[in-house]
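Residues per chain, in single letters:
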Amino acid sequence: MKTPLRSGAVLFAGLCLMASCQKHLTVSKSEYRQYGIDQQVGADSAIIRYYQPFKDKMQAEMNRVVGQTEVALTKPSNPETLMGNFFADAMLKEGLKKDPTIQFTLATKGGLRTTFPKGNITVSHVFELMPFENEMVVLKLSGPNVQQVIDFIAKKDGEPVAGIRMKIRDNKAYDVTIGGEPFDINKTYNLLTYDYLADGGDELECLRNPLERREINQKVREALFENISDLTRQGKKITAQLDGRIVSDQ
Amino acid sequence: MEELFQINRRDFLKKGGLAAAAWGLGSVPTFARRDSVVRLTILHTNDVHSRIDPFPMDGSRNQGLGGVARRAALVKQIRAEQPNVLLLDAGDVFQGTPYFNLYGGELELTIMSQMGYDAATMGNHDFDNSIAGFAKQLPHANFPFLVSNYDFNNTELKGKTQPYKIFKKQGLKIGVFGVCIELEGLVNKKNYLETVYLDPIAKANEMASLLKNEQHCDFVICLSHLGYKYKENKVSDQILAKSTRNIDLIIGGHTHSFMKEPENILNLDGKVTTINQVGFAGINLGRLDYFFDREKGGQKMVSVVLPVRGMLG
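Residues numbered from 1 in each chain as written. Chains lettered and ligands numbered in written order. Predicted model: local features only at pLDDT ≥ 70, side-chain atom pairs only at ≥ 80, totals over all residues. Heavy atoms only, no water.

For chain A, the helix and strand inventory stands at seven helices and 12 strands. Against the globule reference of 18 Å for 250 residues, chain A gives a C-alpha radius of gyration of 26 Å, more extended than a compact globule. Expressed as lengths along the three principal axes of its C-alpha atoms, the size of chain A is roughly 80 × 50 × 35 Å. Among the 250 residues that make up chain A, the fraction classed as buried is 52%. (Helix = DSSP H or I, 4+ residues; strand = E, 2+ residues; numbered from the N terminus. Rg over C-alpha atoms; globule rule 2.2 N^0.38 Å. Buried < 20%, exposed > 50% of the residue type's maximum accessible area, 1.4 Å probe, protein only.)

To continue, consider the nonpolar core. Formed by 112 residues in total, the largest nonpolar core has its most connected members in Y51, F86, F87 and L207 of chain A together with F145 of chain B. At eight residues, helix α3 (residues 82–98) of chain A tops the list of elements feeding residues into this core. For F87 of chain A, the residues in contact, after removing those within four places along its chain, are A107, L112, L129, M130, Y194, V220 and L224 of chain A. (Core = buried A, V, L, I, M, F, W, Y, C linked by side-chain atoms within 4.5 Å. Contact = heavy atoms within 4.5 Å.)

In this section: the pairing of strand β1 (residues 26–36) of chain A. Counting buried residues along β1 of chain A, eight of its 11 residues qualify, which places the element largely inside the surrounding structure. Here 10 bridges tie β1 of chain A to strand β12 (residues 284–293) of chain B, and the two strands are oriented antiparallel to one another. Paired with V27 of chain A across the strands is F292 of chain B, a residue of β12 of chain B. (Pairing = 2+ DSSP bridges.)

Where two aromatic rings form a pair, the distance of their centres and the angle of their planes describe that pair. According to the stated counting rule, one finds 18 aromatic pairs over all chains in the structure shown. Note on Y50 of chain A and F54 of chain A: the rings are 5.3 Å apart at their centroids and 50 degrees apart in plane angle, and the pair reads as tilted. With Y50 of chain A and F54 of chain A both in helix α2 (residues 45–62), this residue pair falls four residues apart, about one helical turn. Note on F54 of chain A: relative accessible area 18%, which makes it buried. Ring centres 6.2 Å apart and planes at 65 degrees place the aromatic pair F55 of chain B and F280 of chain B in the edge-to-face group. Here F55 of chain B is found in the loop between β1 (37–45) and α3 (68–81), whereas its partner F280 of chain B is found in the loop between β11 (272–276) and β12, with 225 residues between them in sequence. Through a chain of ring-to-ring contacts, three or more aromatic side chains come together here, namely F94, F100, Y117, F134, F143 and F145 of chain B. Over the ring of F291 of chain B we find K29 of chain A; its NZ or CZ atom is 4.9 Å from the centre of that ring. Taking the ring centre of F55 of chain B as reference, the NZ or CZ of R51 of chain B above it sits at 3.9 Å. (Phe/Tyr/Trp six-rings, centres within 6.5 Å; stacked < 30°, edge-to-face > 60°. Lys NZ or Arg CZ within 6 Å of the ring centre and 35° of its normal.)

Residues and elements named next belong to chain B. Secondary-structure assignment places H225 in the loop between β8 (219–224) and α9 (237–242). Since its relative accessible area comes to 0%, H225 is described here as buried. Engagement of the side chain of H225 in a polar contact is seen with the side chain of D92, the distance being 3.3 Å. (Polar contact = N/O pair within 3.5 Å; in protein donor to acceptor, adjacent residues only side chain to side chain.)

Turning our eyes to something else, we now look at the domain arrangement of chain A. Annotation of chain A at the domain level lists domain 1 (2–60) and domain 2 (67–248). Computed over C-alpha atoms only, the centres of domain 1 of chain A and domain 2 of chain A are separated by 45 Å. (Domains from an automatic or database assignment.)

Here we come to the sheet that holds β1 of chain B. The pairing of strands in a sheet happens through backbone hydrogen bonds and is either parallel or antiparallel. Taken in spatial order, the five strands of this open sheet run β1(A)-β12(B)-β1(B)-β2(B)-β3(B), and their pairing is mixed. At either end of the open sheet lies a strand with only one pairing partner, and these are β1 of chain A together with β3 (119–120) of chain B. Sheet topology places β1 of chain B next to β12 of chain B; eight bridges connect them, and they run antiparallel. By the bridge assignment for β12 of chain B, L40 of chain B is matched with Y290 of chain B.

All names here are of chain B. Strand order in the open sheet formed by six strands is β5-β6-β8-β9-β11-β10, and the pairing between neighbours is mixed. Each end of this open sheet is capped by a strand with a single partner; those strands are β5 (164–169) and β10 (263–266). On average, adjacent strands in this sheet sit at an angle of 25 degrees to one another, irrespective of strand direction. Where strand β9 (residues 249–251) meets β11, three bridges bridge the pair, whose relative direction is parallel. Across the sheet, residue I251 finds its bridge partner in β11, namely N276. (Axes fitted to C-alpha atoms, helices over the stretch in contact; angles between N-to-C directions.)

This next bit is on the packing of α3 of chain A against helix α7 (residues 220–233) of chain A. Working note: a packed helix pair is described by the angle between its axes plus the distance between those axes. Residues and elements named next belong to chain A. Packing of α3 against α7 brings their axes to within 9 Å, and their N-to-C directions diverge by 90 degrees. As summarised for this structure, α3 and α7 are arranged roughly perpendicular, according to the angle between their axes. Taken together, the residues of α7 that come into contact with α3 (itself represented by F86, F87, A90, M91, K93, E94 and K97) are V220, A223, L224, E226, N227, I228 and D230. Across the contact of α3 with α7, the residue classes tally to eight nonpolar, one polar and five charged. (Parallel < 35°, antiparallel > 145°, perpendicular 65-115°, else oblique. Nonpolar A, V, L, I, M, F, W, Y, C, P; charged D, E, K, R; others polar.)

Bringing the environment of V138 of chain A into the picture now. Residue and element names in this part refer to chain A. Along the chain, the position of V138 falls in strand β5 (residues 135–141). When its relative accessible area of 0% is taken as the criterion, V138 is described as buried. Through-space distance from the C-alpha of V138 to that of H125 is 26 Å; in sequence the pair is 13 residues apart. If sequence neighbours within four positions are ignored, V138 has contacts with D99, I102, N190, L191, L192, E212, R213, R214 and I216.

Applying the stated criterion across every chain, the model contains 29 salt bridges over all chains. With a closest N to O distance of 3.5 Å, D175 of chain A and K167 of chain A form a salt bridge. Note on D175 of chain A: relative accessible area 51%, which makes it exposed. Taken together, the shared-partner salt bridges in this structure form one network comprising K29 and E31 of chain A together with R39, R287 and D289 of chain B. (Salt bridge = Lys/Arg side-chain N within 4 Å of Asp/Glu carboxyl O.)

Looking at the element boundaries, Y51 of chain A is found in helix α2. Judged by its relative accessible area of 5%, Y51 of chain A falls in the buried class. Ignoring any residue separated from it by four or fewer positions in sequence, one finds Y51 of chain A in contact with I52, D53, V68, Y99, L107 and I111 of chain B. Of the polar contacts made by the side chain of Y51 of chain A, one reaches the side chain of D53 of chain B; its length is 3.1 Å.

Here it is as structure tokens:
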């Protein structure tokens, strides 16, 4: 590092002399280093004293149990997973409270960041599942645009979905139903997803130009909390089934 | 905790000793004037993402790394050794741990203030709780957010950021300004509202020229959240560096790039613009030391031999 920077400085100094730009001070030498912040660096106790009360409160909140699972919600394989189905069903259920025109939902496997163990589920588990501030949005899509979404799901050999069912052979979807009706390319459909995907994230470029986009002003994480709280209030457990919504020959 | 308090006591003694020395210097002003070389020490972070505690010891790649209390101790130590320190951040202060989700950024900005940050710029995640969420936390920052290429006039942030700031250190004038990334497609519109994104290259040229030529700064630093480099044709720090004049150093962020060393790029004038970025989450603290020669004649300009205490790598 030193060598290129120093030669740069020499060049700069030389140019300055020629142009006699005397009013600026010039760099005659520079050095660089990077500190790794690890255990060997002592800690400033004043900083810890400041944030410890916030940390204690946060940990208490994070450890609060919000619900219970009947079985572990895992994401072991394609095309369907227990976690994916729970997640998409919860989104659909909560989304429908805000907008009854929603017909199906789409998330991505990569967006679900953890699994749930069997038993107590804490605030922390829900944050780990959805650490992002993603907001739910409803997209009105043309039939051909929905076909692109279907092709995407087939190409990925399944994604977390609800309200849509399909079979996949050789990465092509067939027997597709939405809201219990066969998919009709001449109709428009209302998809519930979240802003990150609607903005084209996770290779979902095809969602960027919907016929209409409506915010429903709820974060995905908030929807998950609401869904779990409802179940707990009703004395129910968090559950999901592999129900054949996506069947793949792979 | 006992150990921490001991470290703190040691720090206190060291600091006390230095304060006394500085005071002593103050009574002999000619000494400083005779010193022909001024050393500027720039410390920097980027994309700290609400990482207050070190990463947990859970077997993950970054376990045990980072932590604001350690960074604070290190900064304090460097400040005790060096007279002219600037501590800067290139944005994405917010988002990444439940500290942000629960407290909205209060801790991040309070702790940066306690550490003595001199300036920061805004990253896209600093909009995660919307313009209102950022504006609400801003009173916890005792340092300015420097943003030159967002027009906040029709938002709640109007007048709450500034395009640049000039720092004076031992007669040196250092101009610092900020450029930020395009928000459309990256941040939900309802979070940035009527913020208008302006061309970062045009703005950077305008700012750097203002600072160097009109304000006569000796050194111009750009805090950038554009990202280090991209495969696709998208404005980055590399493109910014070669498309501008008058910028000496770009402190970057956004791409979470762990650069092995700073990169030097020739700008439009054929002069060196240096780019650096130090990963994310406060895992590293970057440090650049520049030595400025007060002699104007030139013969002493490049042949300075400096005693460097605590040899730098």
